[in-house]
Amino acid sequence: MQVDQPNATKGAPYTLDILSLTSEARNSYGLRRQEYGRYRHHCTQRLHRIRKTLGFTHGKDKSFASRPITAETVTDEKYLHLMLFQAERAWGYAMEIKALSVALDDTRKQQHYMNRLKKAAKTASELEALCSTKAGKVDVRSALDAQAYSALMSGYVLFEAQQWQGALEKFSAARAIYDKLSLAGTSHQEALCHAAMDEIDPNIRFCGYRLRLAKDGVVNVEELVKMSAANKGSGSDVLMREIENLIAQTRQEKAQDLESIHWRSKVLPLKNPKLATAILAAQETAGELNNLQGATSEAKMEHFDKVLQAYAEAEKHVKKALKEDAIASAKVKSSKSEQNTADLNMIATYISYSILRNAIDRNLLLAKDVYNKLEGDEATTDRNEDVHYQNLVKAYDNVVQNLTAIQEIPGVAADTLLASEVGNKLVYYKAWRCFFTATAYSKLSRHVEAIALFDRAQSYATQIRSGLGRASSHGSGNDADSFNVTEKDLQEIESKIRGRKCQVHAAWYLENGKEGGEGIEDKLSSMSLDEKSLDEPALIKRLDSYPTSITSKANPTVPHLVDFPPALQPIPAKPLFFDIAFNHMDYNHDALAERAGRPKAAQGSETSGGGWFGSIWGRK
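Small disclaimer: the values here were computed from a predicted structure and weren't measured.

A separate point is helix 4 (residues 107–130). In an α-helix there are 3.6 residues to a turn, and that puts residues three or four apart on one side. Between the first and last C-alpha of helix 4 there are 35 Å, a value that for 24 residues agrees with the 34 Å anticipated at 1.5 Å per step. For helix 4, the set of buried residues is Tyr113, Met114, Leu117, Ala120, Ala121, Thr123, Ala124, Leu127 and Leu130.

Structure (structure tokens):
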């Protein structure tokens, strides 16, 4: 039997992990199979145990006395558990009523359902007041957790009352808090926050749909949350400041445990706490990119800017640390100080590399977006006139500049594998830059320049292929940030170069086919297949003799191999076919004999047998 023991610590602040408590209770007692009655019964029993443990009972029958929980009453975190499970019991009861009567056609059941929801929202609001920063009973994370829980319960009430705007604001506030709390906590707390956000998102989408806030039939949850936070004003600003302070405090605690970072099979020690905090913040911001797989390009670009800003802040700290180390080393030098300087220089190399690597990813995302508008799924005949192939060339030119900057970072040249990978990738993106530059020239009908640029791109591809052979002999890195050009990438660009070059060749011939006053269309119209225009038989008819020429005087540039179209020739008929029809013919033999001047007896004896064919076919 589960027994809740009172906390021996009487001081504040207490810790109330609402998401963990409610998630564990709901999954363990019925909600995996939607058994709300079982969960309500568990909440009732748990409340009785907590009250008995704390000595905070109401009494029975006539001795019953209501004992409200105030800030002065809270001397143990179990008092907060009382408020939490009272709200959970009311919420579970409401869900049980809704599950038993799905349609809620009965007015009394509908009223009972709404009363239980309002009871849960009221209790959650009282819990929020007890956990507020003014009361000072709990830590900052618990206060924010209680605020999100209260907003969620209030959102349920407004949602069922069909007050869509109010429900949207409450759900958005709860989701914003959970989104920020996922950045400040353990991996388990992060997973719980993401699960809570997944449960809130359908409600936000439905509210946005009822308020007609959908764009092209799609409701963007992120935009609705931002819009709701902007409409809320100063209250939302205060909340965001509290969350940011909590995140900063959590990062400082994690930075104390962060003693080193691993990069390119090297261990870089972190002795400066501010530098460790800045690097940890940049890594966490970069890690959030994995959660933006289905987001729009604008949202990803905005987050890339945040990542670059975070690494720029870390770069300031490492430069400051290098300056302080240089001043200290100028006074006293030792082998340990030299090692410390080398470690700081390597950390500076890591930060510079991370900045340029994220800048490359950002430019590639921009290039992909422009390419989709020009040639991909988003390409249309009436596309935006501001989008040109010159934008693609500019994006790939930025990528080339970033890769060149990586080659110039101190310490990169010493890493032969990294230097080789960056070199191959540099040539690879130079090939793409030449390819789209040639495409831009071809759109301007400058085909000669385009063909020359396609040849240059092909030479880059050939250079990459030779570099791939050398890289395979030295082995390939398995790091996540390695620059590898695969065989598939190389085949893709070679195929595109060949195809686009053939198109440009064909366009050039169509535009520049008139040489010597005769164009391609005139040449095609002058071609003739008439046999009379040929002064010599076809080559196939004179194979036994040595041909002095395989062309004709009428058309000396076209070999005369066969006659086309072939001439009509007579073919022998089959007399047997007509002899078969003879059996069914009735001839007037007397008239024929008179006209031939023969006597009737001779004619009869001559034709009585019918000949050899007649004996075959049974003629009598």
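Next comes the rest of the description.
The phi torsion at Gln162 lies on the positive side, around 60°, for a residue other than glycine. Following the sequence through the fold, Gln162 ends up in the loop between helix 5 (140–160) and helix 6 (164–181). Although it is not a glycine, Ser445 adopts a positive phi angle of roughly 65°. Within the element layout of this structure, Ser445 appears in the loop between helix 14 (416–443) and helix 15 (447–474). Owing to a relative accessible area of 41%, Ser445 belongs among the partly exposed residues under this scheme.

Counting residues in hydrophobic clusters, the biggest one holds 71 residues, and the most contacted among them are Ile279, Ile351, Leu403 and Ile406. Put simply, the parts of the chain that give this core at least two residues each are strand 1 (260–263), helix 10 (273–287), helix 11 (297–331), helix 12 (335–374), helix 13 (389–407), helix 14, helix 15 and helix 16 (487–511). Top contributing element to this core by residue count: helix 12, with 14 residues. Not counting residues up to four positions away in its chain, the partners in contact with Leu403 are Ile360, Val422, Lys425, Leu426, Tyr429 and Phe483. In terms of nonpolar packing, the next biggest core, distinct from the first, is built from 69 residues, Leu144, Val157, Ile177 and Val225 among them.

Attention now moves to the environment of Gln189. Within the fold, Gln189 resides in helix 7 (residues 187–210). Residue classification places Gln189 among the buried residues on the basis of a relative accessible area of 17%. Along the primary structure Gln189 and Asp17 are separated by 172 residues, whereas in three dimensions their C-alpha atoms are 9.0 Å apart. Once residues lying within four places of it in the same chain are set aside, the contact partners of Gln189 are Asp17, Arg141 and Ala184.

Take the pattern of salt bridges next. Tallied over the full model, the rule gives 15 salt bridges. Between Lys98 and Glu160 there is a salt bridge; the shortest N-O distance is 3.4 Å. Residue Lys98 is found in helix 3 (residues 77–100), and its partner Glu160 is found in helix 5; the two are separated by 62 residues along the sequence. With a relative accessible area of 34%, Lys98 lands in the partly exposed category. Under the relative-accessibility criterion, Glu160 is labelled partly exposed at 25%.

This part is about the environment of Ala438. Among the secondary structure elements, Ala438 is positioned in helix 14. As for Ala438 and Glu449, which are separated by 11 residues in sequence, their C-alpha atoms are 7.1 Å apart.

So, on to helix 3. For helix 3, built from 24 residues, the straight-helix expectation of 34 Å at 1.5 Å per residue is met to within 8% by its first-to-last C-alpha distance of 35 Å. Most of helix 3 sits out of view: 19 of its 24 residues are buried. At the N-terminal end of helix 3, a side-chain oxygen is found 2.8 Å from the backbone nitrogen of Lys78, two or three residues along, and the residue is Asp76.

The next thing to look at is the packing of helix 3 against helix 5. Between helix 3 and helix 5, the least distance of the axes is 12 Å, while the angle of their chain directions is 25°. In terms of axis orientation, helix 3 runs roughly parallel to helix 5. Regarding helix 3 and helix 5, the two cross each other, and that crossing is left-handed. Seen from helix 3, the contacting residues are Leu84, Ala87, Glu88, Trp91 and Lys98; seen from helix 5, they are Tyr149, Met153, Tyr156 and Glu160. Residues that form the contact of helix 3 with helix 5 fall into these classes: 6 nonpolar, no polar and 3 charged.

What follows deals with the packing of aromatic side chains. Scanning the model with the defined rule gives 19 aromatic pairs in all. Consider the rings of Tyr396 and Trp432, whose centres lie 6.4 Å apart with planes at 15°: the pair is stacked. Within this pair, whereas Tyr396 is found in helix 13, its partner Trp432 is found in helix 14, the two being separated by 36 residues in sequence. Like Tyr396, the residue Trp432 is buried in the burial classification. Aromatic side chains Trp432 and Phe436 sit 5.6 Å apart centroid to centroid with 20° between the ring planes, which places their arrangement in the stacked category. A residue pair is termed a helical-turn pair when its members lie 3 or 4 positions apart in one helix, as Trp432 and Phe436 do in helix 14 at 4 residues. Put simply, the rings of Tyr371, Tyr389, Tyr396, Tyr428, Tyr429, Trp432, Phe435, Phe436 and Phe454 touch in pairs and so form one group of aromatic residues. Over the ring of Trp91 we find Arg26, and its NZ or CZ is 4.2 Å from the ring centre. Between the NZ or CZ atom of Arg40 and the centre of the ring of Tyr93, over which it lies, the distance is 4.2 Å.

Of the residues in the protein, 74% have a pLDDT of 70 or more, and the chain-wide mean is 77. Within the model, the stretch residues 475–479 combines pLDDT values under 50 with 9 contacts to residues more than four positions away or in other chains. Taken together, the stretch residues 602–609 has pLDDT below 50 and engages in 6 contacts with residues farther than four places along the chain or on a different chain.

The next thing to look at is a nonpolar patch on the surface. A contiguous nonpolar patch, built from Ile540, Leu543, Leu561, Val562 and Phe564 and spanning about 520 Å² of accessible area, is present on the exposed surface. Secondary-structure assignment places Ile540 in the loop between helix 17 (520–526) and helix 18 (575–582). By relative accessible area, which is 52% here, Ile540 ends up exposed.

Its location among the elements puts Asn340 in helix 12. Beyond its immediate stretch of four places on either side in the chain, Asn340 contacts Lys271 and Asp325.

What follows covers the pairing of strand 2 (residues 266–269). Note that strand 1 and strand 2 share 4 bridges and pair antiparallel. If you follow His262 over to strand 2, its bridge partner there is Val267. In this structure, the hairpin formed by strand 1 and strand 2 is closed by a connection of 2 residues, where Arg264 is found at a positive phi of approximately 55°.

At a minimum axis separation of 10 Å, helix 1 (residues 18–28) and helix 7 run at an interaxial angle of 70°. In terms of orientation, helix 1 lies roughly perpendicular with respect to helix 7. In this structure, helix 1 uses Leu19, Ser20 and Ser23 to contact helix 7, whose residues at the interface are His188, Leu192, Cys193 and Ala196. When the residues that make up the contact of helix 1 with helix 7 are grouped by side-chain class, the tally is 4 nonpolar, 3 polar and no charged.

Conventions adopted
- Residues numbered from 1 in each chain as written.
- Predicted model: local features only at pLDDT ≥ 70, side-chain atom pairs only at ≥ 80, totals over all residues.
- Heavy atoms only, no water.
- Helix = DSSP H or I, 4+ residues; strand = E, 2+ residues; numbered from the N terminus.
- Expected span 1.5 Å × (residues − 1).
- Buried < 20%, exposed > 50% of the residue type's maximum accessible area, 1.4 Å probe, protein only.
- Core = buried A, V, L, I, M, F, W, Y, C linked by side-chain atoms within 4.5 Å.
- Contact = heavy atoms within 4.5 Å.
- Salt bridge = Lys/Arg side-chain N within 4 Å of Asp/Glu carboxyl O.
- Polar contact = N/O pair within 3.5 Å; in protein donor to acceptor, adjacent residues only side chain to side chain.
- Axes fitted to C-alpha atoms, helices over the stretch in contact; angles between N-to-C directions.
- Parallel < 35°, antiparallel > 145°, perpendicular 65-115°, else oblique.
- Left-handed = near helix turned anticlockwise from the far one by under 90°.
- Nonpolar A, V, L, I, M, F, W, Y, C, P; charged D, E, K, R; others polar.
- Phe/Tyr/Trp six-rings, centres within 6.5 Å; stacked < 30°, edge-to-face > 60°.
- Lys NZ or Arg CZ within 6 Å of the ring centre and 35° of its normal.
- pLDDT = per-residue confidence, 0-100.
- Patch = residues over 30% accessible without salt bridge, like charges linked within 9 Å, V, L, I, M, F, W, Y side chains within 5 Å.
- Areas by Shrake-Rupley, 256 points an atom, 1.4 Å probe, with all protein chains shown as cover.
- Pairing = 2+ DSSP bridges.

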